[in-house]
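Chain residues, written in single-letter form:
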Amino acid sequence: MHMPAPAASNKPIEVKRVLRVGVIGCGESAQTIHLPTLGLVSHLFKITAICDVSPAALAHCGDKFHVPKEQRFTDYAELVRQPTVDVVFVINSDEYHAEVAIAAANAGKHMLIEKPMALTRPDAEAILEAQKRNNVIVFIGYMRRYAPAFEEAVKIVRQMKKISYARVRDIIGMNYLFIDQSGFFPQRFSDISPSASAAFAERAKRIASLALGEKRASNPEAVATFRLLAGLGSHDLSAMRELLGEPQSVLGAGRNKDGLFITALFQYDSFVTTYETGIDSVADFDAHLEVYGDGKRVRVDYDNSYIKGLPITLTISENDSVTGHYSERVIRPTYEDTYTLEYKRLHAAIVDGEEVKTTPEDALCELRTWELLMDKLFQESA
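Residues numbered from 1 in each chain as written. Predicted model: local features only at pLDDT ≥ 70, side-chain atom pairs only at ≥ 80, totals over all residues. Heavy atoms only, no water.

1. Here's the deal with helix α11 (residues 232-244)
Between its first and last C-alpha, α11 extends 19 Å over 13 residues, near the 18 Å set by a 1.5 Å rise per residue. Within α11, 13 of the 13 residues are buried, which leaves the element mostly enclosed by the surrounding structure. Just downstream of α11 lies G245, where phi reads positive at about 95°. (Helix = DSSP H or I, 4+ residues; strand = E, 2+ residues; numbered from the N terminus. Expected span 1.5 Å × (residues − 1). Buried < 20%, exposed > 50% of the residue type's maximum accessible area, 1.4 Å probe, protein only.)

2. Considerations on the sheet that holds strand β10 (residues 272-280)
In space, the eight strands of this open sheet follow the order β8-β9-β10-β7-β11-β12-β13-β14, with mixed pairing throughout. With one partner strand each, in any of the chains shown, β8 (249-255) and β14 (326-331) form the two edges of the open sheet. For this sheet, the mean inter-axis angle between neighbouring strands, taken without regard to orientation, is 10°. As paired strands, strand β7 (residues 163-173) and β10 are joined by nine bridges and run parallel to one another. Note on β10: the bridge partner recorded for V168 is Y275. Strands β7, β11 (285-293), β12 (296-302) and β13 (313-319) of the sheet are contacted by helix α6 (residues 148-158), whose axis makes an angle of about 160° with β12. In the packing of helix α10 (residues 220-230) onto the sheet, contacts are made with β8, β9 (261-267) and β10, and the angle to β9 comes to roughly 65°. (Pairing = 2+ DSSP bridges. Axes fitted to C-alpha atoms, helices over the stretch in contact; angles between N-to-C directions. Contact = heavy atoms within 4.5 Å.)

3. With respect to the packing of aromatic side chains
One pass over the full model with this rule turns up ten aromatic pairs. Considering the side-chain rings of F178 and F285, the 6.2 Å spacing of their centres and the 85° angle between planes classify their relative orientation as edge-to-face. One end of the pair, F178, is in helix α7 (residues 176-179); the other, F285, is in strand β11, and 107 residues separate them in sequence. We classify F178 as buried; its relative accessible area is 9%. Assessed through its relative accessible area of 14%, F285 is described here as buried. (Phe/Tyr/Trp six-rings, centres within 6.5 Å; stacked < 30°, edge-to-face > 60°.)

4. So, the side chain of Q131
Position of Q131 among the secondary structure elements: in helix α5 (residues 121-134). Note on Q131: relative accessible area 13%, which makes it buried.

5. Regarding the environment of E125
For E125, the position within the fold is in helix α5. Sequence-wise, E125 and G245 are 120 residues apart; in three dimensions their C-alpha atoms are separated by 21 Å.

Here you go:
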């Protein structure tokens with residue numbers, strides 16, 4: 001017997017204001033996630049301008065996502081000055097986040113900055129100063145923290161009287177293994193000018209020296225480990241901080257030779273947290289946070305955000321206090337992806353004044369966690 005499907009609602013979505021977006025960066029992340037998702041939430045946002053240093057990427061994205069030719073820029077400074085832009089999405093290379101964000105703030109634009117917000121403390125502090133001076137909203141794109149399963153876990157864990165142990169794990173395959181199957185068909189281009197490529201390499205080198213010190217920055221393994229922490233690791237460490245608070249110290253840490261696998265032990269007030277992360281060539285996504293305490297286990301499992309519709313789940317395991325029976329509840333709050341969810345919160349922050357939790361101040365805390373780990377991993381080059 002087939003049950004009749006409920007009738008689709010004909011009620012129009014009511015929105016106070018559609019925000020006009022200027023997107024800076026037209027790489028794989030933009031093509032696979034941000035530009036398509038912005039198109040799907042057209043009741044909240046409209047893409048009105050794009051920018052990239054690659055003319056081919058700019059033309060491809062402009063044509064594919066219907067951005068007028070006069071609203072395509074190779075200079076971010078032109079885009080942030082456009083009166084047709086309300087909010088800027090800073091999704092270009094991490095090394096340029098601070099420069100672009102400060103220019104956007106000075107132009108009076110709100111913004112979403114992809115994680116990591118910045119790679120050095122001076123850059124992070126400069127973004128915060130520009131935000132406060134210009135009174136704009138800066139929303140850092142830690143999208144995993146906006147998953148309802150994670151936010152429900154945070155409520156449960158914060159009510160625990162005693163935490164015995166916690167684990168954070170994020171071991172995944174290389175991005176291309178998922179991007180190429182995402183259904184968004186991103187294109188890669190190699191038409192960036194030699195001078196721009198040289199400037200990028202020089203900037204990356206200078207930032208590594210500022211972040212790590214000259215001695216560590218001269219070690220390619222240390223630089224690779226730092227970039228792993230700033231990239232993939234920023235998801236895990238940011239979520240860990242919201243779930244458990246700031247770690248007191250790093251008891252110990254180790255890595256493999258190329259720096260792409262890390263294991264660490266974080267000391268908290270009355271418990272220890274294990275952290276495992278790494279990237280390999282297996283098309284699997286093994287990412288979760290789990291907290292043991294108060295006679296229960298609370299676990300959040302993530303799946304790959306490049307593939308829409310893969311759910312994030314919350315699992316609560318415990319024994320019944322009366323019968324002693326073991327039970328396991330798996331809660332799947334939604335199939336809605338975390339980028340759509342964070343866009344909704346960004347819109348609510350700008351239009352309705354909703355509080356932002358992934359702020360520049362919050363992102364500054366990330367730098368301390370990286371520093372703790374790097375100091376333990378590379379003590380010999382401190």
